[in-house]
Amino acid sequence: NAGVTQTPKFQVLKTGQSMTLQCAQDMNHNSMYWYRQDPGMGLRLIYYSASEGTTDKGEVPNGYNVSRLNKREFSLRLESAAPSQTSVYFCASSVTGEQYFGPGTRLTVT
Amino acid sequence: KQEVTQIPAALSVPEGENLVLNCSFTDSAIYNLQWFRQDPGKGLTSLLLIQSSQREQTSGRLNASLDKSSGRSTLYIAASQPGDSATYLCAAYGGQSGYALNFGKGTSLLVTP
């Protein structure tokens, strides 16, 4: 099992560009999450999906959109990137509350 | 909103010492508490999960305890090794935060040979 996979691993964007971060899990988990990790702020929840077809906002959703494409895949889209979105982005999936994390995407917006 | 605090923020110990990392949370109505390890530039690795009905969990040299009534969890590492050097994060799940995992800011551990 690959667990939780994320692509890309690294990305540099210019302000105003758009991109989609991809996440997939092969553990048949219902719930999936997107977090961002910033120095001094810890990990913060952006969006989550409790099950296929549903999505909900987390603590810091502004500037992001998500799509739960199917049970395996949960993507995060930045429509118009801003320097404040420079961060490390982690996807996670869970069953019975235990969460499993992907390796992260390091995003820099210049 | 659930607030999770980890003390100390950083810790340096010589190899072989036993050590305790502390985690406190403000909303005791949690479903579980999870401890993670994060190496520099890497993702999070789950170490231990304690369900709300449990008092502790053990895995090898690691032991985590949970006291919901006082809003505290501890991670005990026995006979520390240089390979244990990493950042340790605790996260509380459930309560009024619903599906969210609320993370502490971590304890950065350095074990010196």
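Located above this text is the structure these notes cover.
Cut-offs applied
Residues numbered from 1 in each chain as written. Chains lettered and ligands numbered in written order. Predicted model: local features only at pLDDT ≥ 70, side-chain atom pairs only at ≥ 80, totals over all residues. Heavy atoms only, no water. Core = buried A, V, L, I, M, F, W, Y, C linked by side-chain atoms within 4.5 Å. Buried < 20%, exposed > 50% of the residue type's maximum accessible area, 1.4 Å probe, protein only. Helix = DSSP H or I, 4+ residues; strand = E, 2+ residues; numbered from the N terminus. Contact = heavy atoms within 4.5 Å. Buried area = accessible area lost by both parts, 1.4 Å probe. Salt bridge = Lys/Arg side-chain N within 4 Å of Asp/Glu carboxyl O. Polar contact = N/O pair within 3.5 Å; in protein donor to acceptor, adjacent residues only side chain to side chain.

A. A look at the nonpolar core. Counting residues in each nonpolar core, the largest one holds 22 residues, and the members touching the most others are L33, W35, L75, I77, Y88 and L109 of chain B. Every element with two or more residues in this core is listed here: strand 3 (19–25), strand 4 (32–38), strand 5 (44–51), strand 7 (62–67), strand 8 (72–77), strand 9 (86–93) and strand 11 (107–112) of chain B. Contact partners of L75 of chain B, with chain neighbours within four places excluded, come to L19, V20, L21, W35, L47, L48, L62, N63, A64 and Y88 of chain B. Counting residues in each nonpolar core, the second largest holds 20 residues, with V4, C23, A81 and C91 of chain A among its members.

B. The arrangement of unusual backbone geometry in detail. Residues and elements named next belong to chain A. Between T7 and P8 the backbone carries a cis peptide bond, its omega angle lying at -5 degrees. On the secondary structure map, P8 appears in the loop between strand 1 (4–7) and strand 2 (10–13). The backbone of N28 sits at a positive phi, close to 60 degrees, despite the residue not being glycine. Counting through the fold element by element, N28 comes out in the loop between strand 3 (19–25) and strand 4 (31–38). Given the relative accessible area of 57%, N28 is considered exposed.

C. Representation of the interface of chain B and chain A in the model. In this assembly, 19 residues from chain B lie in contact with 20 residues from chain A. Both sides together, the interface formed by chain B and chain A hides about 1500 Å², and carbon and sulfur atoms give 57% of it. The largest per-residue losses of area from chain B upon contact with chain A belong to L44, Y99 and F103 of chain B, which jointly make up 32% of the total buried on that side. Taken together, chain B and chain A are joined by 0 salt bridges. Viewed at the interface, chain A and chain B are joined by 4 residue pairs in polar contact (both at pLDDT 80 or more).

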